[in-house]
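# Overview (structure and organization)
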Amino acid sequence: MTETLHIVGGGMAGSEAAWQAANLGLRVVIHEMRPKVETFAHKTGKLGEMVCSNSFRSDDHEQNAVGLLHWEMKAAGGLVISTAYDHRLPAGGALAVDREAFSEQITAALNAHPNIEVSYEEVTELPDQGQWIIATGPLTSEGLGGAIARATGKESLAFFDAIAPILYADSIDMSKAWMQSRYDKGETEEEQRAYLNCPMDKTTYEAFIDALIAADKTEFHEGETAGYFDGCLPIEVMAERGRETLRHGPMKPVGLTNPHQPDVKPWAVVQLRRDNALGTLYNIVGFQTKMKYGAQKEVLRMIPGLEEARFARLGGIHRNTFLNSPTLLDVQMRLKSQPNIRFAGQITGVEGYVESAAMGLLAGRMAAAEILGQPLATVPQDSAHGALVHHITGGAEAKTFQPMNVNFGLFRPLDDSAGIKGGRRGRRERYKAYTDRAKYAWQGWLSDQAGAPAAAAE
Ligand SMILES: Cc1cc2nc3c(=O)[nH]c(=O)nc-3n(C[C@H](O)[C@H](O)[C@H](O)COP(=O)(O)OP(=O)(O)OC[C@H]3O[C@@H](n4cnc5c(N)ncnc54)[C@H](O)[C@@H]3O)c2cc1C
């Protein structure tokens, strides 16, 4: 028998990683702390528990990046996705599931697998021997969180996310916005033009502040403490503290000249910064928020230049343990400083059930390939799994890294995208081209992994 793979955490990622590795022939031990040690969000001792909503989001594998991840997971014989389909509930185009039956079946499947053992205990140290996957999620226990922080450096492990909205670069109106760093700072022209600026006059600013104050906000879940208040205040809280606070904070208009109206001094300026190496995504600087999603879109589209903005992800602030993966992990999801340890799931800086299970799927397969001595090609960047793992392990800006969900902004632009840009029709063709390209690349990668259970997806 080959070396045992140890997986800490039997949530979305750990369950999927165990399934994949065990099906490739490895002996796997899952270490799960529940029900002995509880979290504020989990309610049972089951593996693969859905902690909040019962939705795996869109199931459209031609026009939606999450739906594409579903498709890829199914093609890879994924446990999480096949169980979700088994317990599907009516929900239009979304994949909603019966959560009880779902986690019941995940638990039964893992316990029944001849290569898998489940050990119910908390792990509190990062082992320096053996092969491990840490998949302990957003609510990693305090003991293990401390051990990870000691190994990676305190600044490299966050306990809250503070996500500013991220939008697609091609949805910004450049006849109103312009590129310029404050005071043209920077050595190179690229640095001097690193920010995208959206100007506001006084009337628009006042209306914007009113809308922020009036917007619907999300409350923290019970048990989640509001420990975010040190240095990353939500914009609506800043607006509530004083009508001028934002104008003296993230929206200050100094050091910038609007080339579209050089004689008019903006009253306030909203700045956006590139969010990925491809330059397809921009985040709104300092705009972390707890506004509800519907309200966010409405309020942010009041910003001149963002009237037609399409959002790759909306903002939020949550209790969330996650690593600065771009600096800490290699493309194989191993800790660079301790390569016997891989990370998977939400702790790697992805967000959501589907993305977390997908990162578990990759980590399980990567660990199996390494332990079995079978070389495994890099996950193709054109697949949805590849786009996500490349983003968190290198494509994202490390300095401002915040959790990401899968979206088409993470995909390499199409070579011939010039012909199918703009408008809804153009977008449909582009997304179809992305998903076709992804499926082809993913199937190629799966078929390369010897012995992989690559069940054909429909
Ligand atoms: C309050 C809350 C609400 C959320 N709502 C949603 C939602 O509606 N939709 C969505 O898509 N995502 C939601 N998420 C995010 C969601 O938790 C993740 O997307 C997903 O569950 C992450 O999968 P994971 O496997 O990384 O972590 P989890 O599914 O949380 O699994 C981690 C497992 O590790 C175990 N564990 C932790 N520490 C240890 C330890 N030291 N030793 C042994 N075991 C340990 C935990 O008990 C848990 O079973 C929410 C998160 C929170 C905190």
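Since the structure is predicted, the reported quantities are computational estimates derived from the model, not experimental observations. (Residues numbered from 1 in each chain as written. Predicted model: local features only at pLDDT ≥ 70, side-chain atom pairs only at ≥ 80, totals over all residues.)

### Looking at the overall build of the protein chain
Helix and strand counts for the protein chain come out as 13 helices and 17 strands. Over its C-alpha trace the protein chain gives a radius of gyration of 22 Å, about what one expects of a compact globule, namely 23 Å for 458 residues. Projecting the C-alpha coordinates of the protein chain onto the three principal axes gives extents of approximately 75 × 50 × 50 Å. Scored against the burial criterion, the 458 residues of the protein chain give a buried share of 48%. Pairs at least 24 residues apart make up 72% of the contacts formed inside the protein chain by residues separated by at least 6 positions. (Helix = DSSP H or I, 4+ residues; strand = E, 2+ residues; numbered from the N terminus. Rg over C-alpha atoms; globule rule 2.2 N^0.38 Å. Buried ≥ 20, exposed ≤ 12 C-beta atoms within 10 Å, placed from the backbone. Contact = placed C-beta atoms within 7 Å.)

### As for the domain arrangement of the protein chain
The domains assigned to the protein chain are domain 1 (4-161 + 319-448) and domain 2 (166-314). Averaged C-alpha coordinates put domain 1 and domain 2 at centres separated by 30 Å. The partner domain 2 presents 16 residues to the 16 residues of domain 1 that form the contact. When its residues are assigned to classes, the side of domain 1 that touches domain 2 shows seven nonpolar, six polar and three charged. (Domains from an automatic or database assignment. Nonpolar A, V, L, I, M, F, W, Y, C, P; charged D, E, K, R; others polar.)

### Digging into the packing of helix H3 (residues 79-86) against helix H4 (residues 99-112)
Put simply, H3 and H4 touch, their axes get as near as 9 Å, and they point 135 degrees apart. If you check the angle between H3 and H4, you find them oblique. Here H3 and H4 pass one another in a crossing that is right-handed. Contacts between H3 and H4 involve Leu-79, Thr-83, Ala-84 and Asp-86 from the first element and Phe-102, Gln-105, Ile-106 and Ala-109 from the second. (Axes fitted to C-alpha atoms, helices over the stretch in contact; angles between N-to-C directions. Parallel < 35°, antiparallel > 145°, perpendicular 65-115°, else oblique. Left-handed = near helix turned anticlockwise from the far one by under 90°.)

### Re the UniProt feature "binding site: FAD" (unreviewed entry) in the protein chain
Those residues carrying the UniProt feature "binding site: FAD" (unreviewed entry) are Gly-9, Gly-10, Gly-11, Met-12, Ala-13 and Gly-14 in this numbering. Every residue in contact with Met-12, bar those within four places of it in the chain, is listed here: Gly-48, Val-80, Gly-345, Tyr-353, Ser-356, Ala-357 and Gly-360. Structurally, Ala-13 can be placed in helix H1 (residues 12-23). With near-sequence residues (within four places) excluded, Ala-13 lies in contact with Ala-135, Ala-344, Gly-345, Ser-356, Ala-357, Met-359 and Gly-360. (UniProt positions renumbered as here; feature names shortened; annotations may be inferred.)

### Thoughts on the site of the ligand
Surveying the vicinity of the ligand reveals 35 residues, the closest of which are Gly-9, Gly-11, Cys-52, Gly-137 and Gly-345. Broken down by secondary-structure element, the contributors of at least two residues to the shell around the ligand are H1, strand E2 (27-32) and helix H11 (353-372). With three residues, H1 is the single largest residue contributor to the shell around the ligand. The class makeup of the residues in the shell around the ligand is 14 nonpolar, 17 polar and four charged. (Near = placed C-beta within 6 Å.)

### Here we look at the confidence of the model for the protein chain
Scored by pLDDT, the protein chain has a mean of 92; 93% of the residues are at 70 or more. In this model, residues 452-458 is a region of pLDDT below 50 whose contacts with residues beyond four sequence positions or in other chains number 15 contacts. (pLDDT = per-residue confidence, 0-100.)

### Section: the sheet that holds strand E6 (residues 116-120)
Read from one edge to the other, the open sheet built from six strands follows the order E6-E2-E1-E7-E17-E16, with strand pairing classed as mixed. Looking at the sheet topology across the chains shown, the edges are occupied by E6 and strand E16 (334-335). Across five bridges, E2 lies against E6 in parallel orientation. Residue pairing in the sheet places Ile-30 in a bridge with Val-118 of E6. Its contacts with the sheet put H11 on strand E1 (4-8), strand E7 (131-134) and strand E17 (338-343), and the angle it makes with E7 is roughly 175 degrees. (Pairing = 2+ DSSP bridges.)

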